[in-house]
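Chain and residue survey
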Amino acid sequence: MIEFKNVSKVYPGNQVAAKDVNLKFKDGEFICFIGASGSGKTTCMRMINRMNEITSGEILINGKNINDMDAVDLRRKIGYVIQQIGLLPHMSVYDNIVLVPRLLKWEEDKLRPIAENLIEKVDLPLSYLDKYPSELSGGQQQRIGVIRALAADQDIILMDEPFGALDPITRDALQKLVKRLQKEMGKTIVFVSHDMDEALSLADRIVIMEKGHVVQFDSPENILKNPASKYVEGLLGEEKLNEAKTSYRTVETIMLKDPVSLTSERSTYDALALMRNRRVDTIFVTDEESHLLGAVGMFDIGRFGKNIKSLQEVMDKVYAINKDTVIMSAIRDIYNLDIKNLPVVDDENKLVGLVTRASVVDTIYTNLWENTEDDTFETDEEEADNLSQLMKDASGDTSNKIGEEND
Ligand code: ADP
Ligand code: MG
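Throughout what follows, the structure given in this document is the object of discussion. Values in this document were obtained by computation on a predicted structure and should not be read as measured data.

The subject of this paragraph is the overall build of the protein. Helix and strand counts for the protein come out as 17 helices and 16 strands. Each of the 407 residues in the protein was classed as buried or not, and the buried ones make up 46%. Excluding contacts between residues fewer than 6 apart, the proportion of contacts in the protein whose partners are at least 24 apart in sequence is 60%. A total accessible area of about 20900 Å² is found for the protein, and carbon and sulfur atoms account for 47% of it.

Following this line, the structure appears as structure tokens:
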């Protein structure tokens, strides 16, 4: 565990780079520092292994104050990767991979298995260990660069914008690789980035810095849901915020507010009358306090003919969702369970609304149009494509069902 306690850093000339930083990182977490240039990301990261000395406050690693440890020792226990993971051209791939363990004076016979194990993890043949970097493709070299950072088996690895200078495709591939290896090997990674997309896709939690202060420290999901300030919104960008608005909107925002319902001691006769009156084919059954008990459908009642029963006797159990459920998840339920509508309950299981297929279709359409530049689609085909993509995202293979549903 890495803990920042009221950590401040003031550079000569009274340049405050970090102010009262309080953070706790768990073992095995992927942490990203993000923020504008000069906001103190690198400074905070470099204080962890004392490449930058702390001005006031303290940093603890597994409960131990790093200022009580030997600085050289500390740096050996923590991996450090800076911009551009270039390989040394005059050394073999093998020598490149074991560079740090060798610097740490590990025994030579321990190094070979380490290098072999790592190169297998990135799906390159063992014979590549004896090649020189120039004999490898650019992408292969980058992969070797990543495993080199893991060779000394340090629990904590610091990375300062390691992919900053790479083209987007290479960067994407290496991000995925780092994330996979980090999980597989249980590393704690502290990663500085200025790219929000990178932080959102890599991090378990993101530290957002502004002028030396931590302005938000949370999971990507929570930051997207509740950006702490205009500054954070600016870092996220409008597109991400719009996406988040849709994907994190809850059913409460689209549900019908007065689902047709009756209490359980009422009769099938009452139910039929109400159905006719309100032009619905299903009625929800509750107790006196609105707790949802079940539902009755028109055809179920029809089966009893003139035989009047209480709703308690004829109702079926019904699947309901909480009002805080996100819309996408409700859409998934509706299509996967192939149901017309979904009652919505509050935390006490009181019936508070109804999500219908029709309202879901509305939401999807509105969302599609909000995200199109022209305000309308060029062709029906394009519209259908977009729609089916959205449905695929929501529920896998149900993209055709929406076409059948035209109410
Ligand atoms: P970031 O990594 O977020 O771009 P840094 O941590 O590098 O930010 O820098 C934070 C602030 O501290 C900046 O204003 C920067 O100019 C200043 N700073 C960084 N390093 C030094 C230094 N060695 N001496 C003086 N000021 C510095
Ligand atoms: Mg920096």
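There is more to say after this.
All right, on to the packing of helix 6 (residues 138–148) against helix 7 (residues 168–185) then. Viewed as axis vectors pointing N to C, helix 6 and helix 7 meet at an angle of 30°, and their least axial separation amounts to 10 Å. It follows from the interaxial angle that helix 6 and helix 7 lie roughly parallel. Between helix 6 and helix 7 lies a crossing of right-handed hand. Where helix 6 abuts helix 7, its residues Gln142, Arg143, Val146 and Ile147 lie against Thr170, Leu174, Leu177, Val178 and Leu181. Among the residues forming the contact of helix 6 with helix 7, the class breakdown is six nonpolar, two polar and one charged.

Glancing now at the pairing of strand 8 (residues 188–193). On a regular strand, one side chain projects to one face of the sheet and the next to the other, so that they alternate. The buried count for strand 8 comes to six of six residues, which makes it a mostly enclosed element. Alternating positions in strand 8 separate into two faces, Thr188, Val190 and Val192 on one and Ile189, Phe191 and Ser193 on the other, with burial throughout. In this sheet, strand 8 lies alongside strand 3 (residues 30–35) in parallel orientation, the contact comprising five bridges. The residue bridging Ile31 from the neighbouring strand is Val190, located in strand 8. Here strand 7 (residues 156–160) runs beside strand 8; their pairing, made up of five bridges, is parallel. Looking across to strand 8, one finds that Met159 is bridged to Phe191. Note on the crossover from strand 7 through helix 7 to strand 8: the handedness is right-handed.

Another point: the side chain of Gln216. Among the structural elements, Gln216 can be located in strand 10 (residues 213–218). Look at Gln216 and you get buried, because its relative accessible area is 10%. Side-chain polar atoms of Gln216 contact the backbone nitrogen of Ala228, separated by 2.8 Å.

Summed over all chains, the structure comprises two cavities of 30 Å³ or more. The volume enclosed by the second largest cavity comes to roughly 40 Å³. Lining the second largest cavity are Val146, Leu150, Met159, Val178, Leu181, Gln182 and Ile189. When residues of the lining of the second largest cavity are assigned to their parent elements, the largest contribution, three residues, is made by helix 7. Of the residues contributing to the lining of the second largest cavity, the split by class is six nonpolar, one polar and no charged.

Right, let's get into the packing of aromatic side chains. Summed over all chains, the structure comprises five aromatic pairs. Taking the centre distance of 6.0 Å and the plane angle of 55° together, the rings of Phe4 and Phe25 count as tilted. One end of the pair, Phe4, is in strand 1 (residues 2–11); the other, Phe25, is in strand 2 (residues 15–25), and 21 residues separate them in sequence. Here Phe4 falls in the buried class, since its relative accessible area comes to 1%. Judged by its relative accessible area of 1%, Phe25 is buried. Note on Phe163 and Phe191: the rings are 6.0 Å apart at their centroids and 55° apart in plane angle, and the pair reads as tilted. Within this pair, whereas Phe163 is found in the loop between strand 7 and helix 7, its partner Phe191 is found in strand 8, the two being separated by 28 residues in sequence. This pair shows no difference in class: Phe163 is buried, exactly as Phe191 is. Through a chain of ring-to-ring contacts, three or more aromatic side chains come together here, namely Phe4, Phe25, Phe33 and Phe217.

Take the sheet that holds strand 13 (residues 292–297) next. Spatially, three strands are ordered 11-12-13 in an open sheet, and the strand pairing comes out mixed. Sheet topology places strand 11 (261–263) and strand 13 at the edges, where each strand pairs with a single neighbour. Ignoring strand direction, the axes of neighbouring strands in this sheet form an average angle of 30°.

With that settled, the discussion passes to the nonpolar core. Counting residues in each nonpolar core, the largest one holds 49 residues, and the members touching the most others are Ile97 and Ile144. Leave out the neighbours within four places in its chain, and Ile144 touches Leu87, Val93, Ile97, Ile119, Leu124 and Leu136. Within the second largest apolar cluster, 26 residues are counted, among which are Cys44, Ile48, Met69 and Val190.

Turning our attention to the site of ligand 1. Taken together, Tyr11, Gln15, Ala17, Ala36, Ser37, Gly38, Ser39, Gly40, Lys41, Thr42 and Thr43 are the residues near ligand 1. In the model, an oxygen atom of ligand 1 is placed 3.4 Å from a nitrogen or oxygen of the Gln15 side chain. The contact in question runs from an oxygen atom of ligand 1 to an N or O atom on the backbone of Gly40, over 3.0 Å. For ligand 1, whose unbound accessible area comes to 560 Å², protein coverage reaches 62%. Among the elements of the structure, strand 2 and helix 1 (41–48) are those that each provide at least two residues to the shell around ligand 1. Examining the composition of the shell around ligand 1, we find that three residues originate from one element, helix 1, more than from any other. Along the lines of polarity and charge, the residues of the shell around ligand 1 split into three nonpolar, seven polar and one charged.

Rules used throughout
Residues numbered from 1 in each chain as written. Chains lettered and ligands numbered in written order. Predicted model: local features only at pLDDT ≥ 70, side-chain atom pairs only at ≥ 80, totals over all residues. Heavy atoms only, no water. Helix = DSSP H or I, 4+ residues; strand = E, 2+ residues; numbered from the N terminus. Buried < 20%, exposed > 50% of the residue type's maximum accessible area, 1.4 Å probe, protein only. Contact = heavy atoms within 4.5 Å. Areas by Shrake-Rupley, 256 points an atom, 1.4 Å probe, with all protein chains shown as cover. Axes fitted to C-alpha atoms, helices over the stretch in contact; angles between N-to-C directions. Parallel < 35°, antiparallel > 145°, perpendicular 65-115°, else oblique. Left-handed = near helix turned anticlockwise from the far one by under 90°. Nonpolar A, V, L, I, M, F, W, Y, C, P; charged D, E, K, R; others polar. Pairing = 2+ DSSP bridges. Right-handed = clockwise from strand over helix to strand, strands pointing away. Polar contact = N/O pair within 3.5 Å; in protein donor to acceptor, adjacent residues only side chain to side chain. 1 Å grid on protein atoms, 1.4 Å probe; cavity = no way out; pocket = protein on both sides within 12 Å on 5 of 7 lines; lining within 4 Å. Points joined across faces, edges and corners; volume = space filled by probe spheres on them. Phe/Tyr/Trp six-rings, centres within 6.5 Å; stacked < 30°, edge-to-face > 60°. Core = buried A, V, L, I, M, F, W, Y, C linked by side-chain atoms within 4.5 Å. Near = heavy atom within 4 Å.

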